[in-house]
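Working through the structure, step by step
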Amino acid sequence: MVAPLYKLHCLLKRAHMLLLCLGIAYLMAGSILLLQRSSIRVAQPNLASLPPMLSLAAPPAALRTAGLGVRARSRWAAIQSVSGGGAKAGRHWPTSRSLGVQHLHRRWFHSLLPESPEQRVSLHRSSRHKGTYIGCFLHNASDRALGGTMLYDLRKMTSSLCQDTCSESGYQFAGLEYGAECHCGNRISSPQAPEEDCSLVCRGERGSPCGGVGRLSIYKVEEQLPGHRKFRNVHYRGCFRLPKSTISTFPVYSFQPNLTTQSCIETCTDKELPLAVFKTLHCFCTWTSSLFSLNQQSDQQQCAGNPALNHTSNSTTTAPTDHDHYQVYHTPVLDSRCKERMFLPQRSSSLVALSSFPGAGNTWVRHLIELVTGYYTGSFYFDGTLYNRGFKGEKDYWKSGRSICVKTHESGQKEIEMFDSAILLIRNPYRSLMAEFNRKCAGHLGHATDTQWKSKEWPEFVASYAPWWASHALSWLKFGRRLLVVHYEELQRALLPQLRLITGFLNVSMTEERLLCAQSNQDGHFKRSVAQQSSFDPFTPDMKQMIDSFIHTVDQALQSRNFSGLPQEYLPR
């Protein structure tokens, strides 16, 4: 009798220890998750009071063709189906300022294990980067080494990618942090740190230092001869008449005998100023301001005497008079005010959808809305690539009310009626279908190969997605409560007037400086290169006949709802 009781006692003791270990593991996992969320400073709303989450309809069977992944469904619906109940109330945990906690957080989030000898960088190893390695520098809230633009890529970040990005944006220094974040700047504004602090490796390569916790591994990018630097996002702002008293207040002035607009832009870029103000032989650099609003522009003929881009001037030297006309250019430098983004300070009771068919430019419009409003946009889905590139609303609960609007591609009545209002973004179906096929085959910035365009997957894709393009627009026109219809092509042609309509619909006050932010950085990091587009027309006559009929249907539906019809270039009418 004693032996069975003893065996039972041992069994219960082992079970007790097992449960204790499982409990500890559960608490550790929860603690790590809470540390990951601790970087959000704004308190999470109480989600218990929200209505239960709805499951999404399954995608059409035709969408499951080989080689074409279906766009990720809502992560919240997936969580509900697993848990079998509503979401528990979220808690707000204060941000820890402890460097050790930040270290733990970053190591978990980026899946970096610097303690592994294989992953540590040999500080004396010859690096394979293109530029010159400067050293390890402090980079935290009080000491920011580089103050320019910022890029995320948690899977494929390399020192070359970071340097190329900074060089194309007009910066001379590129700094890498946490093995996955790229910072740019034209001056280093913090003290140097021990090299041992920059021991993390880049996520896309081995052998090059890629920063650490609150530390930047800084490189000097390859220098190019003056006049040969190639910049992205240089835009001509217009011709402006400015008084001499105003010009004299600009922080940078340069006079050169052979000054060109190109060299003026380079000068202002090096000084990290977003505007280059040019008049024959005279170059001024300054910040964006209401002085350069659209309604202040002068006739372009007034600036006709100024030399064109990349051409030297042989005009006689003249000092600025009391009122002169100047050519104004946006440099690649992003105004520091343009980088400030946040979640809504107070939870909004109204959910606004940014709805579009896939491939219609939703990501681009989100980028513009975040620039012009300063608030993050949310998403009905979760796209890790977009989160890595700075769309922080991707990880936020889409019904939290903390985002200015929420991206969605859904077109069912139940999903549409969950939103109080919506911006309906419509793009030419021919362009949308090609953009989405490119995304499915090669990611956000890639292009499908000629083999993929000529494969059987392309006609199957068109047969499934072309009807969806029409049904998506028709469903939102039918079930949407309050709509603003925005045409992608109109946004391209008249960016600022369309942005004013969008911000007015969102009931957000917008400054002229924010409009300039959107105009000067309108492309962002998610513009697919046109040079690599397919050289042939992938649409067969049967495809065109089907798509044209859908265009006519949507056009008539828009006009029946007193909206403007589709743009003329959709069809030769």
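Residues numbered from 1 in each chain as written. Predicted model: local features only at pLDDT ≥ 70, side-chain atom pairs only at ≥ 80, totals over all residues. Heavy atoms only, no water.

Side note on the nonpolar core
In globular proteins that are soluble, nonpolar side chains generally tend to be buried together. One finds I426, L433, W458 and W469 to be the most contacted residues of the largest nonpolar core, which totals 44 residues. With eleven residues, helix α12 (residues 457-479) is the largest single contributor of residues to this core. Dropping the residues within four chain positions of it, W458 is found in contact with L433, M434, F437, Q452, W453, P538, F539 and M543. With 28 residues, the next largest nonpolar core counts V365, I369, I404 and V508 among its residues. (Core = buried A, V, L, I, M, F, W, Y, C linked by side-chain atoms within 4.5 Å. Buried < 20%, exposed > 50% of the residue type's maximum accessible area, 1.4 Å probe, protein only. Helix = DSSP H or I, 4+ residues; strand = E, 2+ residues; numbered from the N terminus. Contact = heavy atoms within 4.5 Å.)

Focus on the confidence of the model for the protein
Of all residues in the protein, 71% attain a pLDDT of 70 or more, and the chain-wide mean is 75. Considering only residues more than four positions removed or in separate chains, one finds that residues 307-317, a stretch of pLDDT under 50, has 24 contacts. (pLDDT = per-residue confidence, 0-100.)

Describing the environment of F539
Within the secondary structure layout, F539 lies in the loop between α15 (512-520) and α16 (541-560). Classification of F539 as buried rests on a relative accessible area of 7%. In sequence terms F539 and V462 are 77 residues apart; their C-alpha atoms lie 8.9 Å from each other. The contact partners of F539, leaving out residues within four places of it in the chain, are Y430, L433, M434, W458, K544 and I547.

Some remarks on the sheet that holds strand β11 (residues 352-356)
Strand order in this open sheet of five strands is β12-β13-β11-β14-β15, and the pairing throughout is parallel. The open sheet has two free edges, formed respectively by β12 (378-379) and β15 (483-487), since each of these has just one partner strand. Inspection of the sheet shows β11 paired to strand β13 (residues 406-408) by three bridges, in the parallel sense. Paired with A353 across the bridge in β13 is V406. Here α12 sits on the sheet in contact with β11, β13, β14 (421-426) and β15, set at roughly 150° to β14. (Pairing = 2+ DSSP bridges. Axes fitted to C-alpha atoms, helices over the stretch in contact; angles between N-to-C directions.)

What to know about the pattern of salt bridges
Counted by the stated rule, this structure contains ten salt bridges. Note that D420 is salt-bridged to R481, the shortest N-O span being 3.5 Å. Within this pair, whereas D420 is found in the loop between α9 (413-416) and β14, its partner R481 is found in the loop between α12 and β15, the two being separated by 61 residues in sequence. By relative accessible area, R481 is classed as exposed at 54%. Each of E436, R439 and K440 takes part in a single network of salt bridges with overlapping partners. (Salt bridge = Lys/Arg side-chain N within 4 Å of Asp/Glu carboxyl O.)

Overview of the packing of helix α10 (residues 429-442) against α16
Closest axis-to-axis distance for the α10/α16 pair is 10 Å, and the angle between their directions is 120°. As far as their axial angle goes, α16 and α10 are oblique. Listed contacts from α16 to P429, Y430 and L433 of α10 are K544, I547, D548 and I551. By residue class, the composition of the contact of α10 with α16 is five nonpolar, no polar and two charged. (Parallel < 35°, antiparallel > 145°, perpendicular 65-115°, else oblique. Nonpolar A, V, L, I, M, F, W, Y, C, P; charged D, E, K, R; others polar.)

A short note on the packing of aromatic side chains
Centre-to-centre distance and the angle between the planes together describe a pair of aromatic rings. This model, assessed by the stated rule, comprises 22 aromatic pairs. Ring centres of Y236 and Y329 lie 5.0 Å apart, and the angle between their planes is 55°; this geometry places the pair in the tilted category. Residue Y236 is located in strand β6 (residues 235-243), and its partner Y329 is located in strand β10 (residues 323-330); the two are separated by 93 residues in the primary sequence. The class for Y236 is partly exposed, based on a relative accessible area of 34%. Classification of Y329 as buried rests on a relative accessible area of 9%. Note on F284 and Y326: the rings are 6.0 Å apart at their centroids and 85° apart in plane angle, and the pair reads as edge-to-face. Taken together, the positions of F284 in strand β9 (residues 282-286) and Y326 in strand β10 put the pair 42 residues apart, joining distant regions of the chain. We classify F284 as buried; its relative accessible area is 5%. Put simply, the rings of F357, Y430, F437, W453, W458, F461, Y465, W468 and F539 pair up and form one aromatic cluster. Its end group placed over the ring of F173, K220 keeps NZ or CZ at 5.9 Å from the ring centre. (Phe/Tyr/Trp six-rings, centres within 6.5 Å; stacked < 30°, edge-to-face > 60°. Lys NZ or Arg CZ within 6 Å of the ring centre and 35° of its normal.)

Observations concerning the state of the cysteines
Under the counting rule described, the total for this entry stands at seven disulfides. Covalent S-S linkage joins C239 and C303, the inter-sulfur distance amounting to 2.0 Å. Between C239 and C303, the disulfide has an S-S torsion of 80° and is therefore right-handed. With a gap of 64 residues between them, C239 in strand β6 and C303 in the loop between β9 and β10 connect regions that are remote in the sequence. C303 carries the same exposure label as C239, and that label is buried. (Disulfide = S-S within 2.5 Å.)

A word on unusual backbone geometry
Phi at L281 takes a positive value of approximately 75°, unusual for a residue other than glycine. Classification of L281 as buried rests on a relative accessible area of 1%. One non-glycine residue with positive phi stands out, namely N507, at about 60°. Here N507 lies in the loop between α14 (495-505) and α15. The exposure class assigned to N507 is exposed, which follows from its relative accessible area of 72%.

Points about the packing of helix α7 (residues 362-373) against α14
Running from N to C, α7 and α14 point in directions that differ by 75°, and their axes come no closer than 11 Å. Considering the angle they form, α7 stands roughly perpendicular to α14. On the side of α7, the interface is formed by L368, I369, V372 and T373, while α14 contributes L495, L499, I502 and T503. Here the contact of α7 with α14 is composed, by residue class, of six nonpolar, two polar and no charged.

Section: the pairing of strand β8 (residues 275-279)
Counting buried positions along β8 gives five out of five residues, so the element sits mostly inside the fold. Burial along β8 is two-sided: L275, V277 and K279 facing one way and A276 and F278 facing the other are all buried. In this structure, the hairpin formed by β8 and β9 is closed by a connection of two residues, where L281 is found at a positive phi of approximately 75°.

Thoughts on the environment of L273
Looking at where L273 falls in the secondary structure, it is placed in the loop between α6 (261-270) and β8. Note on L273: relative accessible area 5%, which makes it buried. Expressed as a C-alpha distance, the spacing of L273 and W287, which sit 14 residues apart in the sequence, is 6.0 Å. With residues up to four places along the chain from it excluded, the contact list for L273 reads P251, V252, C268, C285, T286, W287, T331 and V333.

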